[in-house]
Amino acid sequence: MLDKIKKIKKKALTELEKINSLEILRDFEVKFLGKKGEITVLLKGMGKVPPENRKEVGQAVNGCKIEIRAKVEEKEEKIKEMIIEKDINRKDFDITLPSQPLPHKKGTIHPVVIIQNKVEAAFEQLGFKVLDYFEAEDDWHNFEGLNIPKDHPARDMQDTFWLKDGNLLRTHTSPGQLRAMHDYPPPFRAIFPGKVFRYEKTDASHEHTFHQVEGLMIDKNLSVANLIGIMKILLEAIFERKVDVRLRPGFFPFVEPGFELDIKCMNCNGKGCQVCKYSGWVELLPCGLVHPNVIRAGGLDPDEWSGWAFGLGLTRLAMMKYKISHITHFLGGDLRFYRQFTEGGLK
Ligand code: DAH
């Protein structure tokens, strides 16, 4: 038996020596180490070996198997190296050429993020901080502290998703006004972009989740003129062209006076379409002077400090800028939509 093992081992090693392709190596493995391979058969035949020799024979077969397996692995490495070496030395192979493009596609920047980046850059130049506040808020920050008490009809227009603990998904970025007033000593100026949520029936311009950016400036003796001046700078920085705007009075419990700044619909150039509900104008930028009750709720004295604020629909802005006629594309998950946008925005 021991002789037989030696013979098989010698045969295996000699055959292995000559192998120079992975395919032949696989055949070799089957021949010796496979289920019915010569070495496996030896192992299976152990039962027939007389008990007194079993230990010695067993060790020999096992040792042979382990050695052959190690040599196979060694050979495999060698063959692979050989293949690479051969490739590198091919005359038509230029190792200095740039590599093939990766099979996966590079991601693109979401259109809302492109707009958000532009807004942030424009405001940072004007000395605004960019802050990030919570998407889940408490009732006080989202409503009460903003001069919207429990029975106020403004709550009906901003129904939202309530959490089991009595908190809610914020309906606007305005709660940041109260938080910023508590977080920073006056005077200061800041914007806070982010996601907001509404219990909303979806149509071309309404979604349950969308993006806003809130702006707040707190200083002494601020006026509507300050506000309008900055809004104009902002819109022209974003649209990179002259933008037609109109100002209407608007009511929001947390500002007094309050305004609606509309821009001429860029989807139809004022002619009327689905986006502007055939009016030619898109409500883009509600704003106003911060209500004294809100300044007080922010922990400041309204006789000493004044403020202006605005809430800009980032999603709506992206729709205008890129002429996107349906808001549901933004969260629709259709990659064909997202891939139209590049780092610099849609050209
Ligand atoms: N938070 C309001 C909304 O989402 C928008 C708003 C209006 C924000 C007037 C403001 C403001 O800061 O001054 O409907």
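Everything here concerns the structure above.
Note that the coordinates shown come from a computational prediction; the quantities given were computed from them, not determined experimentally.

Visitor: Lay out the overall build of the protein in plain terms, naming residues and giving numbers.
Guide: A tally of helices and strands in the protein yields 12 helices and nine strands. For 347 residues, the compact-globule formula gives about 20 Å, and the C-alpha radius of gyration of the protein, at 36 Å, lies well above that figure. Its C-alpha atoms give the protein principal-axis dimensions of roughly 105 × 55 × 40 Å. Counting over 347 residues, the protein shows a buried share of 43%. Restricting the contact set of the protein to residue pairs at least 6 apart, pairs at least 24 apart contribute 67%.

Visitor: Which residues make up the environment of Pro-253, and what values go with them?
Guide: Tracing the backbone through its elements, the reader meets Pro-253 in the loop between strand S6 (245-249) and strand S7 (255-264). Residue class for Pro-253 comes out buried when judged on its relative accessible area of 7%. Excluding its chain neighbours within four sequence positions, the residues that come into contact with Pro-253 are Leu-146, Asn-147, Ile-148, His-152, Ala-154 and His-291.

Visitor: Outline unusual backbone geometry, supporting the account with residue identities and numerical values.
Guide: Pro-187 follows Pro-186 through a cis peptide bond whose omega is -5 degrees. A positive phi angle is found at Lys-277, which is not glycine, with a value near 50 degrees. In this fold, Lys-277 is placed in the loop between S7 and strand S8 (281-290). Judged by its relative accessible area of 54%, Lys-277 is exposed. Of note in this structure, Tyr-278 is not a glycine but carries a positive phi near 60 degrees. Within the secondary structure, Tyr-278 sits in the loop between S7 and S8. Its relative accessible area of 60% is what places Tyr-278 among the exposed residues.

Visitor: So, the packing of helix H2 (residues 22-33) against helix H4 (residues 51-89): which residues are in play, and what are the values?
Guide: Across the interface, H2 lies against H4 with an axial gap of 10 Å and an inter-helix angle of 175 degrees. Classified by the angle between their axes, H2 and H4 sit roughly antiparallel to one another. For the pair H2 and H4, the contacting residues are Leu-22, Leu-25, Arg-26, Phe-28, Glu-29 and Leu-33 in the first and Lys-65, Ile-68, Arg-69, Val-72, Lys-75, Glu-76, Ile-79, Lys-80 and Ile-83 in the second. Here the residues of the contact of H2 with H4 sort into eight nonpolar, no polar and seven charged.

Visitor: Account for the pattern of salt bridges, with residues named and values stated.
Guide: What the rule picks out here adds up to 23 salt bridges. As a salt-bridge pair, Lys-118 and Glu-240 come within 3.4 Å of each other at their nearest N and O atoms. Placement of Lys-118 in helix H5 (residues 111-125) and of Glu-240 in the loop between helix H9 (224-239) and S6 is noted, with a sequence separation of 122 residues between them. One salt bridge connects Lys-220 with Glu-304, and the closest N-O pair in it is separated by 3.5 Å. Of this pair, Lys-220 sits in the loop between strand S5 (209-219) and H9 while Glu-304 sits in the loop between helix H10 (292-297) and strand S9 (306-313), and the two are 84 residues apart along the sequence. Among the charged side chains, a network of salt bridges with common partners joins Arg-26, Glu-29, Arg-69, Glu-76 and Lys-80.

Visitor: Can you break down the packing of aromatic side chains residue by residue, with the values?
Guide: Per the stated rule, a full pass over the model turns up 13 aromatic pairs. Taking the centre distance of 6.2 Å and the plane angle of 40 degrees together, the rings of Phe-128 and Trp-308 count as tilted. Of this pair, Phe-128 sits in the loop between H5 and strand S1 (129-130) while Trp-308 sits in strand S9, placing them 180 residues apart in sequence. Of the two residues, Phe-128 and Trp-308, both sit in the buried class. Residue placement shows Lys-220 over the ring face of Trp-305; its charged tip is 4.7 Å from the ring centre.

Visitor: Account for the nonpolar core, with residues named and values stated.
Guide: Membership of the largest hydrophobic core comes to 47 residues, with the highest contact counts inside it found for Val-119, Met-231, Leu-285 and Trp-308. Elements with a minimum of two residues in this core: H5, S5, H9, S7, S8, S9, helix H11 (314-322) and helix H12 (335-338). Among all residues touching Leu-285, those that are not within four sequence positions of it are Met-231, Leu-234, Leu-235, Phe-259, Glu-260, Leu-261, Phe-310, Gly-311 and Leu-312. Membership of the second largest hydrophobic core comes to 25 residues, among which are Phe-143, Leu-146, Phe-188 and Ile-218.

Visitor: How would you summarise the site of the ligand if you had to cite specific residues and measurements?
Guide: Surrounding the ligand, one finds 16 residues, the nearest of these being His-172, Ser-174, Arg-198, Gln-212 and Glu-214. A distance of 3.3 Å is found between an oxygen atom of the ligand and a side-chain nitrogen or oxygen belonging to Gln-158. Within the contact set of the ligand, an oxygen atom lies 2.7 Å away from a side-chain nitrogen or oxygen of Glu-214. Mapped onto the shell around the ligand, the elements with two or more residues apiece are S5, S8 and S9. Classifying every residue of the shell around the ligand gives seven nonpolar, seven polar and two charged.

Visitor: Can you explain a nonpolar patch on the surface? Please cite residues and give values.
Guide: Taken together, the side chains of Ile-84, Ile-88, Phe-93 and Ile-95 make up a nonpolar region of the molecular surface, amounting to roughly 380 Å² of accessible area. Given the relative accessible area of 36%, Phe-93 is considered partly exposed.

Visitor: How would you summarise the environment of Ala-309 if you had to cite specific residues and measurements?
Guide: Tracing the sequence through the fold places Ala-309 in strand S9. Assessed through its relative accessible area of 3%, Ala-309 is described here as buried. A C-alpha to C-alpha distance of 6.3 Å links Ala-309 and Leu-289, two positions 20 residues apart in sequence. For Ala-309, the contacting residues outside a window of four places in its chain are Gln-177, Gly-215, Leu-216, Leu-227, Pro-286, Cys-287, Gly-288 and Val-290.

What counts, and at which threshold
- Residues numbered from 1 in each chain as written.
- Predicted model: local features only at pLDDT ≥ 70, side-chain atom pairs only at ≥ 80, totals over all residues.
- Heavy atoms only, no water.
- Helix = DSSP H or I, 4+ residues; strand = E, 2+ residues; numbered from the N terminus.
- Rg over C-alpha atoms; globule rule 2.2 N^0.38 Å.
- Buried < 20%, exposed > 50% of the residue type's maximum accessible area, 1.4 Å probe, protein only.
- Contact = heavy atoms within 4.5 Å.
- Axes fitted to C-alpha atoms, helices over the stretch in contact; angles between N-to-C directions.
- Parallel < 35°, antiparallel > 145°, perpendicular 65-115°, else oblique.
- Nonpolar A, V, L, I, M, F, W, Y, C, P; charged D, E, K, R; others polar.
- Salt bridge = Lys/Arg side-chain N within 4 Å of Asp/Glu carboxyl O.
- Phe/Tyr/Trp six-rings, centres within 6.5 Å; stacked < 30°, edge-to-face > 60°.
- Lys NZ or Arg CZ within 6 Å of the ring centre and 35° of its normal.
- Core = buried A, V, L, I, M, F, W, Y, C linked by side-chain atoms within 4.5 Å.
- Near = heavy atom within 4 Å.
- Polar contact = N/O pair within 3.5 Å; in protein donor to acceptor, adjacent residues only side chain to side chain.
- Patch = residues over 30% accessible without salt bridge, like charges linked within 9 Å, V, L, I, M, F, W, Y side chains within 5 Å.
- Areas by Shrake-Rupley, 256 points an atom, 1.4 Å probe, with all protein chains shown as cover.

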